Amino acid sequence: SATGAMVLSTWDFGAAANAVAFAQLAKGGSLIDAVEAGAMVPEADPTNHSVGYSGYPDRDGHVTLDAVIMDDVGGVGAVAALENTMHAISVARRVMERTPHTFLVGEGATRFARDQGFPQQSLLTPESEKAWRDWLKTAKYQPEANSENRITRTPGGALDHDTIGLLARTADGRMAGACTTSGMAFKMRGRVGDSPQVGSGLYVEAGVGGATSTGLGEEVTRVAGSARVVASMRGGSTPQQACEEVVRHIAKLRGDAIRGVQVGFLALDTKGNVGAFCLLPGFTYAVTDARGKTTVLKARSLF
Ligand code: SD4
């Protein structure tokens, strides 16, 4: 039974991912099975322009994916700048389970995915290609806060989403997490964000808890954000206090440089306490409780 199991993830669209992850746990799947299955939901969603298939491309028109998966017994697998494979999270899991490494990037990651038999396809949809061509007219790189939850009524009825970070725990307090993204729209070729980096986009520690991040990745990578959240929890902070502490740290460190920038953290401790905090209003997250009930909540913000 999944009694006591919990799943937590970033943004409104996390609710659909949570449902799939929770169902995995309920039918006896492992935590890794659960977070992988959950992360695959937005990866395969053609209306989601910042994870997996139909993600917005880099400025040269290539969709490149970043993902990490990790458990609480030292298992880690990650990929960055992966191309042509929809389910980056599954490739990350293969890195963890079938290579002597923790992180593959670029051409090597892409070749590994192909060699492992993952279906190869272009991830650029006509809609994403059009958005890129429109962007090229000005070619101004201006990341937009909370674009994740924005509904853009394009002819296809597309929904703009972003990175998903997912944390899951079992009744006995074991934990795992996953984070997957196509990164910032129109990023430089070769740019890697916080999401696939252990300690930045995701961190999980046995006996303590886990954290994940979303928003402008550079601001999280600078301070190894998720590792800091977990370190603060290890020192006795609640998940909420820990998320607030790290957001305040970023704000203090960066001053005017983070004006208009969104960064959000989500944390879960091994007892099932939840925390969330962000720089700007607008960051939402989905919590699925022990009974399988999902609620989408607004995180409190510093500004
Ligand atoms: C990145 N953190 O690549 C990701 C993007 C993101 O909500 O989370 N957007 O920087």
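Residues numbered from 1 in each chain as written. Predicted model: local features only at pLDDT ≥ 70, side-chain atom pairs only at ≥ 80, totals over all residues.

Notes on the overall build of the protein
- Within the protein, the regular secondary structure consists of eight helices and 13 strands.
- By the compact-globule yardstick of 19 Å for 303 residues, the protein fits well, its C-alpha radius of gyration being 17 Å.
- Projected onto the principal axes, the alpha-carbon positions of the protein cover approximately 50 × 45 × 35 Å.
- Looking at the protein residue by residue over its 303 residues, the buried ones come to 53%.
- Taking contacts inside the protein between residues at least 6 apart in sequence as the whole, the part at least 24 apart equals 65%. (Helix = DSSP H or I, 4+ residues; strand = E, 2+ residues; numbered from the N terminus. Rg over C-alpha atoms; globule rule 2.2 N^0.38 Å. Buried ≥ 20, exposed ≤ 12 C-beta atoms within 10 Å, placed from the backbone. Contact = placed C-beta atoms within 7 Å.)

Details of the confidence of the model for the protein
- Model confidence for the protein is summarised by a mean pLDDT of 92, while 94% of its residues fall at 70 or above.
- Residue range residues 151–161 is modelled with pLDDT below 50. Its contacts to residues more than four positions away, or to other chains, number 22 contacts.
- For this predicted complex, the interface confidence score (ipTM) comes to 0.98, while the overall pTM stands at 0.94. (pLDDT = per-residue confidence, 0-100.)

Focus on helix α4 (residues 106–115)
- What α4 keeps buried is the set Ala109, Thr110, Phe112 and Ala113. Buried positions in α4, seen along its axis, are confined to an arc of 160° and lie on one side of it. Facing away from the buried side of α4 by over 90 degrees, the exposed positions are Glu107, Arg111 and Asp115.
- The elements touched by buried residues of α4 are β3 (76–82), α3 (88–98) and β4 (103–105).
- Once α4 ends, the next one or two residues include Gly117, with phi positive near 90°. (Arc of directions from axis to C-beta.)

Details of the packing of helix α1 (residues 14–26) against helix α2 (residues 31–43)
- Between α1 and α2, whose axes approach to 7 Å, the crossing angle comes to 155°. When the axes of α1 and α2 are compared, the pair comes out roughly antiparallel. Note that α1 runs across α2; the crossing there is right-handed. Counting all contacts with α1, which are made through Ala16, Ala17, Asn18, Val20, Ala21, Gln24 and Leu25, the residues of α2 involved are Asp33, Ala34, Val35, Ala37, Gly38, Ala39, Val41 and Pro42.
- For the contact of α1 with α2, the per-class residue count stands at eleven nonpolar, three polar and one charged. (Axes fitted to C-alpha atoms, helices over the stretch in contact; angles between N-to-C directions. Parallel < 35°, antiparallel > 145°, perpendicular 65-115°, else oblique. Left-handed = near helix turned anticlockwise from the far one by under 90°. Nonpolar A, V, L, I, M, F, W, Y, C, P; charged D, E, K, R; others polar.)

What about the packing of α2 against α3?
- Where α2 contacts α3, the two axes come as close as 8 Å, and the packing angle between them is 150°. By the angle class used here, α2 and α3 are roughly antiparallel. Between α2 and α3, the contacting residues are Ile32, Glu36, Ala39, Met40 and Glu43 on the first element and Ala88, Ile89, Ser90 and Arg93 on the second.

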